[in-house]
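# Observations on the three-dimensional arrangement
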Amino acid sequence: MRVVCLPRELREASTQAARAGLRVGLVPTMGFLHAGHLALVKEARARADVVVMSVFVNPLQFGPAEDFAAYPRDLERDRGLAEASGVDVLWVPTVEAMYPDGPAVTVSPGPVGSILEGAVRPGHFAGVLTVVLKLFAAAAPAVAVFGRKDAQQAALVRFMIRDFNLPVELIVAPTVRDADGLALSSRNVHLDVAGRRRALALPRALAGGVEVFRSGERRAGSIVAAAAAVLATEAGLTSDYVACVNPDTFLPSDAATDTTTLAVAARVGATRLIDNVVLGAGLDADVRIGD
Ligand code: AMP
């Protein structure tokens, strides 16, 4: 595995790959790798000849009161996990290398960028799309793999690829969950035993919404209310949002269908967690560690 730091070095590697007729697969991450990230590598490996993983905690997508400084980091561990999972090129840019001049220009995510996650985290998706566009420019991937765990992010990347005619195939991989159902997240390391127990209310809330949907309920309001009730009664959690969204537009929908995404965000102490499920598929469609 090669480890590169500068955008120029990555561009050289991707130009070399292109000359040799090899397809590049890109897996963007913020590091502190877990099995969810490694599942994305597997998807990339199946579709590309050269797998590039980026590890970059992108300051542009964190608000001033958010956890940029406290975001977990462990590059040595990441390096070992990336190599063992079959990454060919690990790209670890510094903030200075990524944003030597600012940036002056950023990507505007449009209306979906300012709802749900975007409403709670103003500027977050402009930061995400800007860095993703820079990653695409340097890695020139034929295919890029993102996780469904961050469903709104994946939808916005899909819109950017479409609107900017980027020659990148987008793969959205299923959410990987721990044996207890909690979606893997680098931020889970901040949860103590009691916090982790309360955090399990998120997947239970999603399961509660799915159950109501399976019983025949199609009014989004009732499904959302059922999920929010689980958060409140089981863990005393107030959500940032619970919403049913259309998978194509990512806009809230009133009438739920099999493909509707039920999305939730809540704070457990100082740790902010997000999760989602496709109503017709349920949590069983996700990957469960230990299965
Ligand atoms: P992050 O490092 O949290 O920014 O995530 C990098 C990529 O991994 C994103 O595309 C995420 O959606 C994806 N990802 C994070 N957690 C999971 C998970 N539990 N299952 C699948 N993909 C994930």
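Residues numbered from 1 in each chain as written. Predicted model: local features only at pLDDT ≥ 70, side-chain atom pairs only at ≥ 80, totals over all residues. Heavy atoms only, no water.

## Here's the deal with the pairing of strand 3 (residues 50-55)
The cut-off we apply is this: The cut-offs for exposure are 20% and 50% of the maximum accessible area for each residue type, with area from a 1.4 Å probe on protein chains only; residues under the lower value are buried, those over the upper are exposed, and the others partly exposed. A run of H or I in DSSP becomes a helix once it reaches four residues, and a run of E becomes a strand once it reaches two; helices and strands are each numbered from the N terminus. A pair of strands is treated as paired once DSSP finds two or more bridges between them. Looking down the strands as they point away from the viewer, one classifies a crossover as right-handed if the path from the first strand across the helix to the second runs clockwise.
Counting buried residues in strand 3 gives six out of six residues, a clear majority hidden from the surface. Across six bridges, strand 2 (residues 24-29) lies against strand 3 in parallel orientation. Its bridge partner lying in strand 3, L26 is registered against V52. Crossover connection from strand 2 via helix 2 (residues 35-47) to parallel strand 3: handedness right-handed. Where strand 3 meets strand 4 (residues 89-91), three bridges bridge the pair, whose relative direction is parallel. Bridge assignment links S54 to a residue of strand 4, and that residue is W91. In this region the chain leaves strand 3, passes through helix 3 (residues 75-84) and returns to the parallel neighbour strand 4; the handedness of that crossover is right-handed.

## What to know about the domain arrangement of the chain
Just so we agree on the cut-off: Domain start and end points were adopted from an automatic or database domain assignment. We call two residues contacting when some pair of their heavy atoms lies within 4.5 Å. For any pair of parts, buried area is found by adding up, for both, the accessible area (1.4 Å probe) each one loses once the two are put together. One speaks of a salt bridge when a side-chain nitrogen belonging to Lys or Arg is within 4 Å of a carboxyl oxygen belonging to Asp or Glu.
Here the chain is partitioned into domain 1 (2-173) and domain 2 (186-288). The C-alpha centroid of domain 2 is placed 25 Å from the C-alpha centroid of domain 1. Domain 1 puts 23 residues into the contact, and the matching count from domain 2 is 21 residues. On the domain 1 side of the interface with domain 2, the three residues burying the most area are L116, E117 and K149, jointly 28% of the side's total. For the pair domain 1 and domain 2, the interface holds two salt bridges. One salt bridge in this structure joins D67 and R187, with 2.8 Å as the shortest N-O distance.

## Thoughts on the layout of surface pockets
Cut-off, in case you're wondering: Here the term cavity refers to a set of points on a 1 Å grid, laid over the protein atoms alone, in which a 1.4 Å probe fits but cannot get out; the term pocket refers to an open set having protein on both sides within 12 Å along at least five of seven lines, with lining residues being those that place an atom within 4 Å of a point. Grid points are joined across faces, edges and corners, and a volume is the space filled by probe spheres set on the points. Residue polarity is assigned by list, with Asp, Glu, Lys and Arg as charged and Ala, Val, Leu, Ile, Met, Phe, Trp, Tyr, Cys and Pro as nonpolar; anything else, Gly included, falls into the polar class.
For the second largest pocket, the calculated volume is near 210 Å³. R148, A151, A154, A155, R158, V172, P247, F250, T259, T261 and V278 together form the lining of the second largest pocket. Sorting elements by how many residues they give to the lining of the second largest pocket places helix 7 (residues 151-163) first, with four residues. Among the residues making up the lining of the second largest pocket, the classes are represented as seven nonpolar, two polar and two charged. A domain split of the lining of the second largest pocket shows at least three residues from each of domain 1 (2-173) and domain 2 (186-288).

## Looking at the sheet that holds strand 10 (residues 271-278)
Selection rule: Under this scheme, a helix contributes an axis fitted over its contacting stretch, all axes are lines through C-alpha atoms, and angles between N-to-C directions fall in the 0 to 180 degree range.
One open sheet holds the three strands; their spatial order is 8-9-10, and the pairing between them is antiparallel. Since the sheet does not close on itself, it has two edges, and those belong to strand 8 (239-245) and strand 10, each with one partner. Each strand axis lies, on average, 10 degrees off the axis of its neighbour in the sheet, ignoring direction. In this sheet, strand 9 (residues 261-268) lies alongside strand 8 in antiparallel orientation, the contact comprising six bridges. By the bridge assignment for strand 9, Y241 is matched with A265.

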